[in-house]
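Residue-level listing of the chains:
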Amino acid sequence: MESPCADGETVCDLTWDVTGNRRLSEWSDVLIGTPLAIIGLILLGLVIRWLLHRVVGRVARRAERGVLPERVESAVAARRKQRAATMSGVLKSIITFVIVAIVGTMVLSEVGVDIAPIIASAGIIGIALGFGAQSLVKDFLAGIFIFIEDQYGVGDVVDVGDANGTVELVTLRMTRLRDINGTVWYVPNGEIVRVGNKSQNWSRAVVDIGVGYGEDLVRVQRVLREVAHDLWEDDEFSHVIIEEPEVTGVEMLTPDSVTVRVMVKTAPLEQWAVARALRQRIKARFDHEGIEIPFAQRVVWHREDRRHLDEPSPDPAAAEREG
């Protein structure tokens, strides 16, 4: 008897070989093969999703690890973990969406739905979005890479060109900043050409001190090292200063002074407070040591009254006769 099964219908062929029942063989592929194929696709999608989520989770845990010493690690650990969790959540959502779309399309194909119009429609929608919403797609793609590359996160101080300040919100479409004057800036991610992050991993306080040309520069640098070392050992700043401060030496010769530079590696966002404290201590120590900090001096020339200069001087002889 001729088999009722078409080419490639494995379940139908197996049922026909075992039972020899034509009707059961014809329905076996629908009743058994299709559900098994759907279950297999769903299980495969779940396995792939689980594997990719494991990879993303491992990358996020690696991003949580700090590069700072233990003395300052606790100051930035919370924000770094929050940033890593945000990045992990976005990536996992994207992975889940892509897998659901692919598996869903394959399931529709298994149940006999013609997916060619669906794929064509998706292509048309993609083209329409490409032409009609280029800036929006550009913003979303830029936002994805901002999260993936961890360029900045909430709490960072960044410079994105025309706007700079503290990041208050980061989405896939835009970044919200607040500058030092309290102005809130909404910057589309696609418009960000370059980013200067002033608070990623660590920062540096750079303090330039001008001294007079008559001062002993070796003595000046020794005093600066002592002041910076005292700040390094101060309990108030020990948790924000990462390394021993460095006095790099003479940085610049100006008409008024010799500039000596001090650099201090600090925890993120702490460079300004450390620089202010260092300047205050240097000023007090220089006053105590008698080291001159030059300041601009101005000479004011007062012009005399022109009318007074134009008047003839009195004749002494005439004055005596009148007297």
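Look a little higher up for the structure.
Since we're looking at a predicted model, the values are computed, not measured. (Residues numbered from 1 in each chain as written. Predicted model: local features only at pLDDT ≥ 70, side-chain atom pairs only at ≥ 80, totals over all residues. Heavy atoms only, no water.)

Within the largest apolar cluster, 26 residues are counted, with the highest numbers of intra-cluster contacts made by L224, I241, V274, L278 and F286. Those elements giving two or more residues to this core turn out to be β6 (203-211), α6 (217-233), β8 (258-266) and α7 (271-289). In terms of residue count, α6 provides more of this core than any other element does, seven residues in total. The next biggest cluster of nonpolar side chains, apart from the first, holds 12 residues, and it includes I146, V158, V170 and V187. (Core = buried A, V, L, I, M, F, W, Y, C linked by side-chain atoms within 4.5 Å. Buried < 20%, exposed > 50% of the residue type's maximum accessible area, 1.4 Å probe, protein only. Helix = DSSP H or I, 4+ residues; strand = E, 2+ residues; numbered from the N terminus.)

Another point: α7. Note: α-helices contain 3.6 residues per turn, so residues at a spacing of three or four share the same orientation. Between its terminal C-alpha atoms α7 stretches 26 Å, which fits the 27 Å expected from 19 residues at 1.5 Å a residue. Taken residue by residue, α7 has Q271, V274, A275, A277, L278, I282, R285 and F286 as its buried positions. Looking straight down α7, one finds that the buried residues subtend no more than 165° of arc, so they occupy a single side. Set apart from the buried face of α7 by more than 90 degrees, the exposed residues are R276, Q280 and H288. Buried residues along α7 sit against β6, α6 and β8. Of the residues trailing α7, G290 is marked for its positive phi of about 75°. (Expected span 1.5 Å × (residues − 1). Arc of directions from axis to C-beta. Contact = heavy atoms within 4.5 Å.)

Once that is clear, we can look at the sheet that holds strand β1 (residues 157-159). Strand order in this open sheet of five strands is β4-β3-β2-β1-β5, and the pairing throughout is antiparallel. The sheet is open, and its two borders are formed by β4 (184-188) and β5 (196-197), each paired with just one other strand. As defined by bridge partners, strand β3 (residues 174-178) adjoins β4 across five bridges and the pair is classed as antiparallel. Bridge pairing in β4 places L177 opposite W185. (Pairing = 2+ DSSP bridges.)

Below, the discussion takes up the side chain of T259. Tracing the backbone through its elements, the reader meets T259 in strand β8. Setting aside anything within four residues of it in sequence, one finds T259 in contact with D208, I209, G210, G249, V250, E251, M252 and T254.

A grouping of I94, F97, V98, I102 and M106 is seen on the molecular surface, where their side chains present a nonpolar patch of about 460 Å² in accessible area. For F97, the location among the structural elements is in helix α3 (residues 70-110). Assessed through its relative accessible area of 62%, F97 is described here as exposed. (Patch = residues over 30% accessible without salt bridge, like charges linked within 9 Å, V, L, I, M, F, W, Y side chains within 5 Å. Areas by Shrake-Rupley, 256 points an atom, 1.4 Å probe, with all protein chains shown as cover. Salt bridge = Lys/Arg side-chain N within 4 Å of Asp/Glu carboxyl O.)

Below, the discussion takes up the sheet that holds β6. A sheet is described by the order of its strands in space; here three strands give the open sequence β6-β8-β7, paired in antiparallel fashion. The open sheet has two edge strands, β6 and β7 (246-253), and neither has a second partner. Along the sheet, successive strands turn relative to each other by an average axial angle of 25°, direction set aside. Where β7 lies against β8, six bridges are found, and the strand directions are antiparallel. Among the inter-strand pairings, V247 is bridged to a residue of β8, identified as V262. α6 contacts β6, β7 and β8 of the sheet and is inclined by roughly 20° relative to β8. (Axes fitted to C-alpha atoms, helices over the stretch in contact; angles between N-to-C directions.)

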